[in-house]
Amino acid sequence: MASAAAAGAPPGPAAPRGRRSVTGTRKTVAVLFLLPALVLLGALVVYPIGYSLIRSFYNASGDGFAGVDNYRMLFTDDGIRTALKNNVVWVVFAPMVSTALGLIFAVLTERVRWGTAFKLVVFMPMAISMLAAGIIFRLVYDQDPHRGVANAVWVGVHDTFAQSSAFPKAHPGRESPLVAQNGGFVTRATVHVGQTVTLPLVGVAPEQMPGSAKQAVAARPEPGKITGTTWQDFTRGKGVGRLGVPDPSELGYAGMRIEAVKDGKVVDATKAADDGTFTLPASADGAQLRLPAGNFREPYNGVEWLGPSLVTPAVIGAYVWMWAGFAMVLIAAGLAGVPRELLEAARVDGATEWQVFRKVTVPLLAPVLAVVTVTLMINVLKVFDLVYIIAPGSSQAAANVLALELYRKGFAEGQPGVASAIAVLLLVLVVPVVLFNIRRLRREVRR
């Protein structure tokens, strides 16, 4: 019986050994599959972060312990402080504007037949590298209106309402009856009825004179009126022409505005004919003649987009151009999942389109908007290419950001310890945003 019992007894210890063997095999297989990823993660993420953290406590040569001196520079170095301020501007405005534009584009293109084509055009900048986008916008923001699109549009709009003068460089010559006053010129003496007045100027090249300008003519006196001539009193060539008298080769200042001024008030005004002659009525008797500053307004050359005061908003504009399409695509995908019954129910209840958008669409899209905003916030903390390429050398210090300052300290100024400290600071700034995103994702999973 003992032998029978022994023969019939199940092999108790064998089953657990088999289960452990299978479990161990699965773990081994899992480790083998994860090993390449773990190696890459350690080599490309963990090691650089650890090395940067250690290096941030050493001096420039790396052979001396610097303590917290490198971190102290983060708050005392002017370049780093400017970069930190600019990063705050970037984090606040760039994601907000990009997300807002993406939301507007996604909602407005939902109901139009050509919405897909529009979305494709808006998304196309994402296919362009930061380098190429920087070069494009360096040209867009060029100061010369003939090259820079931004200034070409701006100058066109400005000149529509305030055209520049054809005589920006004109000024009195030798023995002139005119003196400077408030950007323009005024006669030294008063004028009287029946008198002819000469208002000669120099400083405008013949080829730059208005196309309507004709040969200057000496005005003839007229009873009860004041007549005169304003012209370019300069003939090229030594000893050619008479001073203060219109010569056959000299042109009149066509369209020049002349004002009669008494006690600081304009009593009458006129414009010179194509030959430079002008006539004023008897009401101008006893007045001084003034050529107002508007005659000499310099041509408007637009806005200095890449100057120290506007360079950061200009670069942010280039960033928004690139990333608004990214925001639009993600928001459009979220909008496609919004139940149409809720929107129609709100409309049936009498809600306007604005109310539907503000109180129904936006709250339903809140998770997607959070994803887009957080993603862009992380992205702008690392922005480097656009600032480095678009901002000229004279304005790069004003446009500085932490990633650019890291590059400058590490490679241009030979301070790898400070550069490592900046890298650690960037990591510290990114971590809260990442943790917020992780918590939000976990909440979404629980739902």
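Residues numbered from 1 in each chain as written. Predicted model: local features only at pLDDT ≥ 70, side-chain atom pairs only at ≥ 80, totals over all residues. Heavy atoms only, no water.

> How should I be thinking about the side chain of Asn-87 in this particular structure?
Summarising the element assignment, Asn-87 is placed in helix 4 (residues 78–108). Given a relative accessible area of 3%, Asn-87 falls into the buried group. Among all residues touching Asn-87, those that are not within four sequence positions of it are Val-380, Leu-381, Val-401 and Leu-402. (Helix = DSSP H or I, 4+ residues; strand = E, 2+ residues; numbered from the N terminus. Buried < 20%, exposed > 50% of the residue type's maximum accessible area, 1.4 Å probe, protein only. Contact = heavy atoms within 4.5 Å.)

> Is there a simple way to explain the sheet that holds strand 7 (residues 277–280) in this structure?
Sheet strands pair via backbone hydrogen bonds, and the direction of the pair is either parallel or antiparallel. Overall, mixed pairing links the three strands, which are arranged 3-4-7 in an open sheet. In this open sheet, the two edge strands, each paired with only one partner strand, are strand 3 (196–201) and strand 7. Taking the axes of each pair of neighbouring strands and ignoring which way they run, one obtains an average angle of 20° across the sheet. Where strand 3 and strand 4 (residues 226–232) come together, six bridges link them in parallel fashion. Residue Pro-200 lies in a different strand from strand 4, and its bridge partner there is Trp-231. (Pairing = 2+ DSSP bridges. Axes fitted to C-alpha atoms, helices over the stretch in contact; angles between N-to-C directions.)

> Quick question: what am I supposed to make of the nonpolar core here?
Where a protein is soluble and globular, its nonpolar side chains tend to be buried together. Residues Trp-90, Tyr-319 and Ile-390 are the most contacted members of the largest nonpolar core, which totals 46 residues. Counting only elements with at least two residues in this core, the list comes to helix 4, helix 6 (130–140), helix 8 (311–336), helix 9 (340–348), helix 10 (353–364), helix 11 (366–381) and helix 12 (385–390). Ranked by residue count, the leading element in this core is helix 8, at 16 residues. Tyr-319 has contacts with Trp-90, Ala-94, Ser-98, Met-130, Leu-376, Asn-379, Val-380 and Leu-386, leaving out every residue within four places of it along the chain. (Core = buried A, V, L, I, M, F, W, Y, C linked by side-chain atoms within 4.5 Å.)

> Just to check I follow, could you spell out the packing of aromatic side chains for this structure?
The geometry of an aromatic ring pair is captured by two quantities: the separation of the ring centres and the angle between the planes. Under the definition given, this model contains 20 aromatic pairs. Here a set of aromatic residues connected by ring pairs shows up, and it is made of Phe-137, Tyr-141, Trp-154, Trp-305 and Trp-321. (Phe/Tyr/Trp six-rings, centres within 6.5 Å; stacked < 30°, edge-to-face > 60°.)

> Whenever I open this one, the sheet that holds strand 6 (residues 265–271) confuses me. Can you help?
Strand order in the open sheet formed by five strands is 1-2-8-5-6, and the pairing between neighbours is antiparallel. Among the strands making up the open sheet, the edge pair consists of strand 1 (178–181) and strand 6. For this sheet the average axis-to-axis angle between neighbouring strands, irrespective of direction, equals 30°. For strand 1 and strand 2 (residues 184–187), the ladder comprises four bridges, and the chain directions are antiparallel. From the neighbouring strand, Gln-181 faces strand 2, where its bridge partner is Gly-184.

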